[in-house]
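Listed here are the chains, written in short residue letters.
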Amino acid sequence: YFGDATGRPGSLLTFFPWAGMPRGRPGPGQVTRVSFLVPAASLGWWERRFADRGMASTRPDERTITFEDPDGMSLALVADEAARPETEDGAWAGGPVPVEHVPLGLHGVTIEVARAERSIELLTESLGFGGGSSADAAHRLVTRGGGMGSRVEVLERPGAAPGRLGAGTVHHVAFRARDDAEQNAWREKLARRGLGVTPVQDRCYFHSIYFREPGGVLYEIATDPPGFTIDESAAELGGALKLPPWLEEARGDIERSLPVIRLPQAERVP
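Residues numbered from 1 in each chain as written. Predicted model: local features only at pLDDT ≥ 70, side-chain atom pairs only at ≥ 80, totals over all residues. Heavy atoms only, no water.

Draft legend 1. Region of the structure containing the overall build of the protein. Helix and strand counts for the protein come out as four helices and 12 strands. Rg of the C-alpha trace for the protein: 19 Å, near the compact-globule value of 18 Å for 270 residues, within the 12% margin. In terms of overall dimensions, the protein has C-alpha extents of about 50 × 50 × 40 Å along its principal axes. Here the protein holds 270 residues, and the buried ones make up 39% of them. The contacts of the protein with a sequence gap of at least 6 include a subset with a gap of at least 24, amounting to 61%. Put simply, the protein shows about 15300 Å² of open surface, and 53% of that area lies on carbon and sulfur atoms. A distance of 4 Å separates the average location of the 30 positive side-chain charges in the protein from that of its 37 negative side-chain charges. (Helix = DSSP H or I, 4+ residues; strand = E, 2+ residues; numbered from the N terminus. Rg over C-alpha atoms; globule rule 2.2 N^0.38 Å. Buried < 20%, exposed > 50% of the residue type's maximum accessible area, 1.4 Å probe, protein only. Contact = heavy atoms within 4.5 Å. Areas by Shrake-Rupley, 256 points an atom, 1.4 Å probe, with all protein chains shown as cover. Lys, Arg positive; Asp, Glu negative; His and termini not counted. Charge placed at Lys NZ, Arg CZ, Asp CG, Glu CD.)

Structural data, given as structure tokens:
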């Protein structure tokens, strides 16, 4: 998991490390872009940072920078004047990016589907989205509360080859539930719609349910608690491999099979 200093919901992007995994194919039935919120005055700084590191980036409009990660996953930085972090202590003060330019959290995701109507219907009639806009084949929706991680762009691509999972593609997107009770209420509501929602899965740091929306994109609803500080302090986050109790007996094999991750240190940047 990668996120802000305390791993708050709304800041997290998770990676599955599979060495040798062939490239996937983004397309209908997948999340095809993940966007992060940045302070409105930071886009110029990020453009210079990408250029200094030899990374290609584009400015499709005055408030967005798009780029790709090393596996080809599409990412974006979006400046929003009204966006503010939920707390003032979320920024990673010891990291390589000055605090004033650190992303505030997720902005939203783009999903691609062959037909948008039923996907939009689920988002607006069941999941609380609305108040969006449309441009060409894209339909932009936002939760009524706004804020971090509140936007889903639905891109309709009839006739396009379906997405194929692999390196550089997104497995699923998670939405927040305040607690187990709220999650159970969502589960019952989704089951009544005839969606194949899973039983609750214990992910140690949160509890999860999963279902596929009508266009084939895999959605998760995850609880905020218990959070990442359940087994280590905020100051120690990311410093050691943490496993659920049922995998502790395999710790040696797991440690040998995983890549070594070194946390970036603060660096001098303009």
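Draft legend 2. Broad picture of the environment of R256. Turning to its location among the elements, R256 is positioned in helix α4 (residues 251-257). Of the polar contacts made by the side chain of R256, one reaches the side chain of D253; its length is 2.5 Å. (Polar contact = N/O pair within 3.5 Å; in protein donor to acceptor, adjacent residues only side chain to side chain.)

Draft legend 3. Representation of the sheet that holds strand β11 (residues 207-212) within the structure. Spatial strand order, β9-β12-β11-β10: four strands in an open sheet with mixed pairing. Each edge of the open sheet is held by one strand with a lone partner, namely β9 (173-177) and β10 (201-202). For β11 and strand β12 (residues 218-223), the ladder comprises five bridges, and the chain directions are antiparallel. Looking at the pairing, S208 lines up with A222 of β12. (Pairing = 2+ DSSP bridges.)

Draft legend 4. Structural context of the side chain of E232. Within the secondary structure, E232 sits in the loop between β12 and α4. For the buried residue E232, which engages in no salt bridge, the nearest side chain bearing the opposite charge is K242, 4.5 Å off. In contact with E232, not counting residues within four places along its chain, are L237, G238, G239 and K242. (Salt bridge = Lys/Arg side-chain N within 4 Å of Asp/Glu carboxyl O.)

Draft legend 5. Inspection of the environment of L12 at higher detail. Relative to the assigned elements, L12 resides in the segment before β1 (30-38). On the basis of relative accessible area, L12 is assigned to the partly exposed category, the value being 23%. Placed 47 residues apart in sequence, L12 and R59 show a C-alpha to C-alpha distance of 24 Å. Once residues within four sequence positions are removed from consideration, L12 is found in contact with Y1, F2, G3, G7, L106 and F228.

Draft legend 6. Representation of the pairing of strand β5 (residues 105-113). Counted residue by residue, β5 has nine buried out of nine residues, so it is predominantly covered. Sheet analysis places β5 next to strand β8 (residues 151-156), joined by six bridges and oriented parallel. Among the inter-strand pairings, G108 is bridged to a residue of β8, identified as R151.

Draft legend 7. Up close: helix α1 (residues 43-52). Here α1 has its buried residues at L43, W45, W46, R49 and F50. Within α1, the buried residues cover an arc of 155 degrees as seen down the axis, which keeps them to one side. Relative to its buried face, α1 has exposed residues pointing more than 90 degrees away, namely A51 and D52. Taken together, the buried residues of α1 touch β1, β2 (57-61), β3 (64-68) and β4 (74-79). (Arc of directions from axis to C-beta.)

Everything listed is a geometric property; what it means functionally is a separate question.
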